[in-house]
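Commentary on secondary and tertiary structure
Listed below, chain by chain, are the residues.
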Amino acid sequence: MSMEYSSSRGSLAGQVAVVTGAAGGIGAAIATALCEAGAKVVVNDVNAQRAMQMADGLGSDNAIAIAGDAGRAEDVANMMQAVQSHWQRLDILVNNVGVARDNALRKLTDEDWDEVLRINLRSAFLCTRAATALMAQQGGGRVINIASRALLGWWGQSNYAASKGGLVSFTRSLALELSRSKITCNTIAPGLIDTPLLRSYPVETQEKLRLAQPSRTIGSPADVARVAVHLASAAARNINGQLLFVDGGKSLFARPAA
Amino acid sequence: MSATTTTAQDMRVRTHCSPAWLAAPWTAVGDASQSPSELATAVNNAFDQDGADVFVYFPVPLEGTAGEPPRDWDLVATIERTRGACAQAVRCMRARQFGRLMFVAPSLPTLAPEWPPGWEFASWLAGLTRGLALELAAHGVTVNTVLVGMDGGLPWSPDAADELRHAIQLFIDRDANYLTGQVMHVCGGRSMVSIFSH
């Protein structure tokens, strides 16, 4: 028996998606997967050159690059206006952009706290408020927030954990608030993922992190992307307010890496 | 009563599903009318013979001495049957270093304070899912649960069965190695008022 899987090619045909922080890592994988599933994708990134490279790679018929800081209201307004003028609709928003400024609390500066909260959490608020206004007019949509397993808390990550935990509560509130507009809102919390950031660590550190995983494996950006595509699909219309860890079971048992 | 089916990824799937709307596409290997021991035998034999890659189990509440389910579940018997039904599957999957164990259960009782067995069962199932996931992660076996919104034993909408199949497919896909220990509600957000949705 053959079962059609929701991420199959063409399942998101005719839909338009915005992915923030889409020029690399997990964001790029999500943008690619959405595109492969048939969606038109807006590649948003603060780095204009990388955003354009990413969009070019997806094909000019399938993607456009809109550079901008998703944590700035003006940039978000410009992006949504560009989406409307280019494709006249918006069906899927993936709030993926994020930064980390790790430090122990006593060394954590006001600037590091504010910057992490601005980019990781305020950006989701700004983009979601603007995007859901369009989605409600169209009769529905999908909001997918990319948090992190770090939302459970970790040494030196109070600002980052607070921002990602805030995303989860933000998601749950919106799930209740927007369900009447047929807009679903869910969170994906990736764990240890094979990204350029991870590869920048010494090999010994990478190995320690891998061995601290219950699965003894490191995930790929595609692992996160396939969940995002499912949550974006029509088959997920009744999945709302959920938090899914994509972390090989690490969230079940926070064994230290060292 | 046993049969195997094949997914798009050529994985051998075995289900124990009582509700026909869920079981029909995948072919059930048991039903709720069987006693716990008969069911365990059927499931265990099936695994010995075929070594399925995926086991989708729908724990059906067993009635207590009186009253209507789920208000009068025999919680202990239901839990014991669930544990017994998946034990052999876990052993086979662990030996083969690959597998997908999937529980599917109603989420509606978790919303109703007058149904304490539902609370207890949902909590136990979440604990079982997470505990097994942790234990089996290093063996290539993932364990997840989908809790589905239902009214009177039926899904809440005509499309629900299809949506549920897609949700299950998300977890049992051969590429879903990194997705384990999760409890996902498929109920349109109705679970949001319950602590079990965390």
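Refer to the structure above for everything that follows.
Presented here is a report on the structure given in the accompanying data block. Please read these numbers as outputs of a predicted model, since none were measured by experiment. (Residues numbered from 1 in each chain as written. Chains lettered and ligands numbered in written order. Predicted model: local features only at pLDDT ≥ 70, side-chain atom pairs only at ≥ 80, totals over all residues. Heavy atoms only, no water.)

Let's talk about the overall build of chain B
Helix and strand counts for chain B come out as five helices and eight strands. N-terminal to C-terminal, the α/β element order of chain B is β-β-α-α-β-α-β-α-β-β-β-α-β. Counting every position in chain B, which comprises 198 residues, the buried fraction comes to 59%. Within chain B, contacts between residues separated by at least 24 positions form 72% of all contacts whose residues are at least 6 apart in sequence. Surface exposure of chain B reaches about 7400 Å², of which carbon and sulfur atoms provide 54%. (Helix = DSSP H or I, 4+ residues; strand = E, 2+ residues; numbered from the N terminus. Buried < 20%, exposed > 50% of the residue type's maximum accessible area, 1.4 Å probe, protein only. Contact = heavy atoms within 4.5 Å. Areas by Shrake-Rupley, 256 points an atom, 1.4 Å probe, with all protein chains shown as cover.)

A closer look at the pattern of salt bridges
All names here are of chain A. Counted according to the given criterion, the structure contains 11 salt bridges over all chains. For the salt bridge of Arg72 with Asp75, the shortest nitrogen-to-oxygen distance reads 3.5 Å. Arg72 sits in the partly exposed class, given a relative accessible area of 39%. Relative accessible area serves as the criterion here: at 19%, Asp75 is assigned to the buried category. (Salt bridge = Lys/Arg side-chain N within 4 Å of Asp/Glu carboxyl O.)

Some remarks on the pairing of strand 6 (residues 183–190) of chain A
Residues and elements named next belong to chain A. When you tally the buried positions in strand 6, you get eight out of eight residues, the bulk of the element. Neither face of strand 6 is open: one carries Ile183, Cys185, Thr187 and Ala189, the other Thr184, Asn186, Ile188 and Pro190, and all of them are buried. In this structure, strand 5 (residues 141–146) lies alongside strand 6, joined through six bridges in parallel fashion. Bridge pairing in strand 6 links Val143 to Cys185. (Pairing = 2+ DSSP bridges.)

Describing the sheet that holds strand 6 of chain A
Residues and elements named next belong to chain A. Pairing in this open sheet of seven strands is parallel, and the strands run 3-2-1-4-5-6-7 from one edge to the other. Each of the sheet's edge strands pairs with one partner strand only, and the pair in question is strand 3 (63–67) and strand 7 (243–246). Between one strand axis and the next, the sheet turns through 20° on average, direction left out of account. Sheet topology note: the strand 6/strand 7 ladder contains four bridges and is parallel. The residue bridging Thr187 from the neighbouring strand is Leu243, located in strand 7. With respect to the sheet, helix 2 (residues 48–58) is in contact with strand 2 (40–45) and strand 3, its orientation differing from that of strand 3 by roughly 175°. Contacting strand 1 (16–20), strand 2 and strand 3, helix 3 (residues 73–87) runs over the sheet at an angle of about 155° to strand 3. (Axes fitted to C-alpha atoms, helices over the stretch in contact; angles between N-to-C directions.)

Remarks on unusual backbone geometry
Where the residue is not glycine, phi is negative for most of them; where a peptide bond is considered, it is trans in most cases. Residues and elements named next belong to chain A. Notably, Lys182 is not glycine yet its phi reads approximately 60°, a positive angle. Tracing the backbone shows Lys182 in the loop between helix 5 (158–178) and strand 6. Even without a glycine there, the phi angle at Arg216 is positive, about 60°. With respect to the helices and strands, the residue Arg216 is situated in the loop between helix 7 (203–211) and helix 8 (221–232).

Note that every value here comes from positions in space, so none of it alone points to a role or purpose.
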